[in-house]
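# Residue-level structural notes
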Number of protein chains: 2
Amino acid sequence: MSQAVSLLENVRIVLVHTTHPGNIGGVARAMKNMGLSRLYLVKPKHFPDEQAVWRAASALDVLDNAVVVETLDEAIADCSLVVGTSARGRRIPWPLLNPRDCAEQILPALANNEVACVFGREDRGLTNEELQRCNLHVHIPTNEDYSSLNLAMAVQVIAYELRMACLANEISHDEMEGWDAALATADDLERYFVHLEQTLIDMGFLKPKAPKQLMSRLRRLYSRKRMDELEVSMLRGILTATQAWVSKAGKGK
Amino acid sequence: MSQAVSLLENVRIVLVHTTHPGNIGGVARAMKNMGLSRLYLVKPKHFPDEQAVWRAASALDVLDNAVVVETLDEAIADCSLVVGTSARGRRIPWPLLNPRDCAEQILPALANNEVACVFGREDRGLTNEELQRCNLHVHIPTNEDYSSLNLAMAVQVIAYELRMACLANEISHDEMEGWDAALATADDLERYFVHLEQTLIDMGFLKPKAPKQLMSRLRRLYSRKRMDELEVSMLRGILTATQAWVSKAGKGK
């Protein structure tokens, strides 16, 4: 496990007064998928419960280690930063972050301290009083016409953003990473284009005196996707074979 | 609905050979929460099904409008860009994007064309043959020790990233947006500090000859919270009242 991702061990997911145990299981699974493990349950209606086990799939360890407490205060007592999930439009506005900006604010705090992310009831979320116990409020930008996100889905999104924030310096933005052959160089590509052009001339398909845009279009086509050495040599193999046929046909004339 | 978010109508979510109808319902809900509406089902095992209805909550319209087809080809036929979700480590590597970079590549394509996001079976994902029908592959960076994301959760993450990409120019990064009072200016704040200092001196709490770090610490405290005008005037009201008491007590001496 990388150093950055191990920071996620300092994140505690706190569920307040959860009604459906299936959601607790779904949350456990979402947490484990993203590398989180510490679940706190404030007065869950049913827990332990087989619905939770069923929805947790293989994240039973998260359920087994869940800490059940009576009050939100107990769940967040030793945390240096407490983030509450909130719908828009509270009576008293509070600084409201989107999940990405929120994860960026949480990340530095994880280095030395525990951070709690608090999620409210399935039907009514967190009360104003509970939200006032939080340092930051986060809002997932849902469809305004249909904004009630399932509890486990909300945890999934926040946990995903935390993981992405931890991985920010590690995630490769190179879609060709881990490719199974060395990428072709500009030289390789140029030699291929020369070979292609000669073959098309040999075939009589390209008239050097009226080349139109043929080579430009072919260059654009092959250049815009990065090719590897095997692919280029495969294509050149086809050209060589084509030239052999043209040559053979020419001799037969 | 904003122009940008309406682009999401051009996204089609394609589920291939889904086994559990509950997952189809969960996908419908996740889609609607993020503003997506077009669901294609390739040979679902059970559909329609009451489990799907139950998990869909209020996203029944997405289920009702779902298009059931026999083959992946039918589901993606008229799409200009097809994105497949993939685990790492396929035999033949393919360009592999994370959900954020993927959403950024999808966004421009949505302006004029339909884009399909294809999700595979709960247990085995997409086959290599199915993945080869896709232009791009996307991988959700899960915990390496526990990577099997629930189907609806995977759709949630991708749909969330698409929505975030659409909102990119619209989302406010100012956590004080929508605040219910004008924010205090630096002048307001400075007048408050002067008032505070004078009050503390009046109270004998601050000794001008041995001020220690008192005002520095108070300045740091109040400055790092951006305050609004009401808050500042409230605090100054308290100072004025305090001064009145100090003055009154002084007179009584």
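Residues numbered from 1 in each chain as written. Chains lettered and ligands numbered in written order. Predicted model: local features only at pLDDT ≥ 70, side-chain atom pairs only at ≥ 80, totals over all residues.

All names here are of chain B. The buried fraction of strand β1 (residues 11-16) is high, at six of six residues. Residue alternation in β1 divides its side chains into two sets, Val11, Ile13 and Leu15 and Arg12, Val14 and Val16, and both sets are buried. Of the pairings in the sheet, the one linking β1 to strand β6 (residues 115-119) comprises five bridges and is parallel in character. Following the sheet pairing, Ile13 is matched in β6 by Cys117. In the sheet, β1 pairs with strand β2 (residues 38-42) via five bridges, with the strands oriented parallel. The residue of β2 that forms the bridge with Arg12 is Arg38. In this fold, the crossover linking β1 to β2 by way of helix α2 (residues 21-34) has right-handed handedness. (Buried ≥ 20, exposed ≤ 12 C-beta atoms within 10 Å, placed from the backbone. Helix = DSSP H or I, 4+ residues; strand = E, 2+ residues; numbered from the N terminus. Pairing = 2+ DSSP bridges. Right-handed = clockwise from strand over helix to strand, strands pointing away.)

This part covers the sheet that holds strand β7 (residues 136-138) of chain A. Residue and element names in this part refer to chain A. Read across the sheet, seven strands follow the order β3-β2-β1-β6-β4-β7-β5 without closing on themselves; strand pairing throughout is parallel. Every other strand in the sheet has two partners, leaving β3 (67-69) and β5 (96-97) as the edge strands with one partner each. Bridge count between strand β4 (residues 81-85) and strand β6 (residues 115-119): four bridges; the pairing is parallel. If you follow Val82 over to β6, its bridge partner there is Ala116.

Residue and element names in this part refer to chain A. Across the interface, helix α6 (residues 99-110) lies against helix α8 (residues 151-167) with an axial gap of 9 Å and an inter-helix angle of 55°. Between α6 and α8, the angle falls in the class oblique. In this structure, α6 meets α8 at a crossing whose hand is right-handed. Of the residues in α8, those in contact with Pro99, Arg100, Ala103, Glu104, Ile106 and Leu107 of α6 are Val157, Ile158, Glu161, Leu162, Met164, Ala165 and Cys166. In terms of residue class, the contact of α6 with α8 is built from 10 nonpolar, no polar and three charged. (Axes fitted to C-alpha atoms, helices over the stretch in contact; angles between N-to-C directions. Parallel < 35°, antiparallel > 145°, perpendicular 65-115°, else oblique. Left-handed = near helix turned anticlockwise from the far one by under 90°. Contact = placed C-beta atoms within 7 Å. Nonpolar A, V, L, I, M, F, W, Y, C, P; charged D, E, K, R; others polar.)

Omega for the bond connecting Phe47 of chain A with Pro48 of chain A falls within 30 degrees of zero, at -5°, which places this linkage in the cis form. In this structure, Pro48 of chain A sits in the loop between β2 (38-42) and α3 (50-56). Within the chain, His17 of chain A stands out as a residue other than glycine whose phi angle is a positive 50°. Here His17 of chain A shows up in the loop between β1 (11-16) and α2 (21-34). Phi is positive for Ala57 of chain B, close to 50°, though the residue is something other than glycine. Along the polypeptide, Ala57 of chain B turns up in the loop between α3 (50-56) and α4 (60-64).

Before going further, it helps to spend a moment on the relation of the copies chain B and chain A. Overlay of chain B on chain A (RMSD 0.2 Å): rotation 179°, translation along the axis 0.1 Å. Put plainly, the chains are arranged around a two-fold axis. In this assembly the copies share their binding face: 100% of the residues contributing to the interface of chain B also contribute to that of chain A. (Least-squares fit on C-alpha atoms with pLDDT ≥ 70 in both.)

A word on the domain arrangement of chain A. Per the domain assignment, the segments making up chain A are domain 1 (3-167) and domain 2 (186-252). Taking the mean C-alpha position of each, domain 1 of chain A and domain 2 of chain A sit 58 Å from one another. (Domains from an automatic or database assignment.)

What follows is about the interface of chain B and chain A. Put simply, an interface is often sized by how much accessible area is lost when its parts join up. Residue-level contacts link 36 residues of chain B with 36 residues of chain A. Breaking the side of chain B that touches chain A down by element, the ones donating at least two residues are α2, β5 (96-97), α6 (99-110) and α8 (151-167) of chain B. Among the elements that make up the side of chain B that touches chain A, the one with the highest residue count is α8 of chain B (seven residues).

Okay, the packing of α2 of chain B against α8 of chain B next. All names here are of chain B. In the contact formed by α2 and α8, the axes pass within 8 Å of each other and the chain directions differ by 15°. Classed by the angle they form, the pair α2 and α8 counts as roughly parallel. Seen along the crossing, α2 lies across α8 with a hand that is right-handed. Between α2 and α8, the contacting residues are Asn23, Gly26, Val27, Ala30, Met31 and Met34 on the first element and Leu151, Ala152, Val155, Gln156, Ala159, Tyr160, Leu162 and Arg163 on the second. When the residues that make up the contact of α2 with α8 are grouped by side-chain class, the tally is 10 nonpolar, three polar and one charged.

Residues and elements named next belong to chain B. Taking strand neighbours across the sheet as the criterion, the seven strands line up as β3-β2-β1-β6-β4-β7-β5 in an open arrangement whose pairing is parallel. Two strands lie at the open edges of the sheet, namely β3 (67-69) and β5, each paired on one side alone. Two elements, β5 and strand β7 (residues 136-138), share two bridges in a ladder whose sense is parallel. Within the sheet, the bridge partner assigned to Leu96 lies in β7 and is His137. This element, α8, spans β1, β4 (81-85), β6 and β7 of the sheet and lies at about 155° to β6.

This next bit is on the confidence of the model for chain A. For chain A, the mean per-residue pLDDT works out to 89, and 95% of the residues sit at or above 70. For this predicted complex, the interface score ipTM comes out at 0.78, alongside a pTM of 0.81. (pLDDT = per-residue confidence, 0-100.)

With that out of the way, let us pick up the environment of Arg236 of chain B. Residue and element names in this part refer to chain B. Along the chain, the position of Arg236 falls in helix α11 (residues 229-252). The spacing of Arg236 and Tyr160 is 76 residues in sequence and 44 Å in space, taken between C-alpha atoms. Leave out the neighbours within four places in its chain, and Arg236 touches Tyr192 and His195.

A separate point is the nonpolar core. Counting 122 residues, the largest nonpolar core has Val14, Met31 and Val118 of chain A together with Val14, Met31 and Val118 of chain B as its most contacted members. Contact partners of Met31 of chain B, with chain neighbours within four places excluded, come to Ile13, Leu36, Ser37, Leu39, Ala59, Val62, Val155 and Ala159 of chain B. (Core = buried A, V, L, I, M, F, W, Y, C linked by C-beta atoms within 7 Å.)

Here we come to α8 of chain A. Here α8 of chain A spans 24 Å end to end across 17 residues, near enough to the 24 Å set by a 1.5 Å rise per residue. Burial runs high along α8 of chain A: 16 of the 17 residues are buried. (Expected span 1.5 Å × (residues − 1).)

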